[in-house]
Amino acid sequence: GAGVSQSPSNKVTEKGKDVELRCDPISGHTALYWYRQSLGQGLEFLIYFQGNSAPDKSGLPSDRFSAERTGGSVSTLTIQRTQQEDSAVYLCASSLVVTGPSLLAKNIQYFGAGTRLSVL
Amino acid sequence: AQKITQTQPGMFVQEKEAVTLDCTYDTSDQSYGLFWYKQPSSGEMIFLIYQGSYDEQNATEGRYSLNFQKARKSANLVISASQLGDSAMYFCAMREGQYNFNKFYFGSGTKLNVKP
């Protein structure tokens, strides 16, 4: 598809279960981001992947959260032993990192529609 | 300190009128980029407009323009001729540094309601 695709769009799980959220970025985009958005709030950065570089995991809130990106494309965010406070919308974005002649490359992030996670 | 501050949690505007959504930012970097996104009730974040710190002209994209005042560190979004479909959350964001592609900061958003 043309845009960032996330699945599932909605996920309801029981406390203590593990969940996997998937993100399929725009083809050719080298950078991929995961964010968390709690109800009525702004975006909280979770993790950033860029090419083959080591990911920036500085935003992951606990060791229950992990993410991987296979083959530089699809990414999976895994939350183990889910807690009620994990309930939120998880947004994925991708961008084409461009370092060209312009003084400041745009590197616009394009977002998916998100996965709404509800932990009961 | 907050990197991005949006002081208007909610705003109303009459259809066909112009509206300004405020955004101030905090950085000591000379190189940065400023973005505005729209998030309708469907949840998807839609990119609207971009301003680079070295751009001398204010960015414009159709009915959207960015009022960039570097000395005041403000990047207000102006929507001209508001439409009902403009009702949404609007987020201001900053990418800090020339090559820090992981350093994006988002504000808390402004909810815009366009009245018929």
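Look above for the structure.
Notes on the structure follow.

Cut-offs used in this document
- Residues numbered from 1 in each chain as written.
- Chains lettered and ligands numbered in written order.
- Predicted model: local features only at pLDDT ≥ 70, side-chain atom pairs only at ≥ 80, totals over all residues.
- Heavy atoms only, no water.
- Contact = heavy atoms within 4.5 Å.
- Buried area = accessible area lost by both parts, 1.4 Å probe.
- Salt bridge = Lys/Arg side-chain N within 4 Å of Asp/Glu carboxyl O.
- Polar contact = N/O pair within 3.5 Å; in protein donor to acceptor, adjacent residues only side chain to side chain.
- Helix = DSSP H or I, 4+ residues; strand = E, 2+ residues; numbered from the N terminus.
- Nonpolar A, V, L, I, M, F, W, Y, C, P; charged D, E, K, R; others polar.
- 1 Å grid on protein atoms, 1.4 Å probe; cavity = no way out; pocket = protein on both sides within 12 Å on 5 of 7 lines; lining within 4 Å.
- Points joined across faces, edges and corners; volume = space filled by probe spheres on them.

### As for the interface of chain A and chain B
Phase 1 of the analysis: Every contact between the two is made by 23 residues of chain A and, on the other side, 25 residues of chain B.
Phase 2 of the analysis: Buried surface at the junction of chain A and chain B, both sides included, amounts to about 2000 Å², of which 62% is carbon and sulfur.
Phase 3 of the analysis: Connecting chain A to chain B are zero salt bridges.
Phase 4 of the analysis: Across the chain A-chain B interface, the total number found is two residue pairs in polar contact (both at pLDDT 80 or more).
Phase 5 of the analysis: Looking at the side of chain A that touches chain B, the elements with two or more residues in it are strand 4 (31-37) and strand 5 (44-50) of chain A.
Phase 6 of the analysis: Sorting elements by how many residues they give to the side of chain A that touches chain B places strand 4 of chain A first, with three residues.
Phase 7 of the analysis: Among the residues forming the side of chain A that touches chain B, the class breakdown is 13 nonpolar, eight polar and two charged.

### Regarding the layout of surface pockets
Phase 1 of the analysis: By volume, the largest pocket is sized at about 550 Å³.
Phase 2 of the analysis: Lining the largest pocket are 28 residues, and of these R116(A), Q39(B), P40(B), S41(B) and G43(B) sit closest to its centre.
Phase 3 of the analysis: At the level of secondary structure, the elements contributing two or more residues to the lining of the largest pocket comprise strand 8 (88-95) and strand 10 (115-119) of chain A together with strand 10 (88-96) and strand 12 (110-115) of chain B.
Phase 4 of the analysis: Among the elements that take part in the lining of the largest pocket, strand 10 of chain A stands out by supplying four residues, more than any other.
Phase 5 of the analysis: For the lining of the largest pocket, the class distribution of residues is 10 nonpolar, 16 polar and two charged.
Phase 6 of the analysis: Estimated volume of the second largest pocket: approximately 170 Å³.
Phase 7 of the analysis: Considering the residues around the second largest pocket, the lining is formed by Q41(A), G42(A), L43(A), Q2(B), K3(B), I4(B), T5(B), Q6(B), Y105(B), F106(B), G107(B) and S108(B).
Phase 8 of the analysis: Secondary structure elements with two or more residues in the lining of the second largest pocket: strand 1 (4-5) and strand 11 (104-106) of chain B.
Phase 9 of the analysis: Partitioning the lining of the second largest pocket into residue classes produces four nonpolar, seven polar and one charged.

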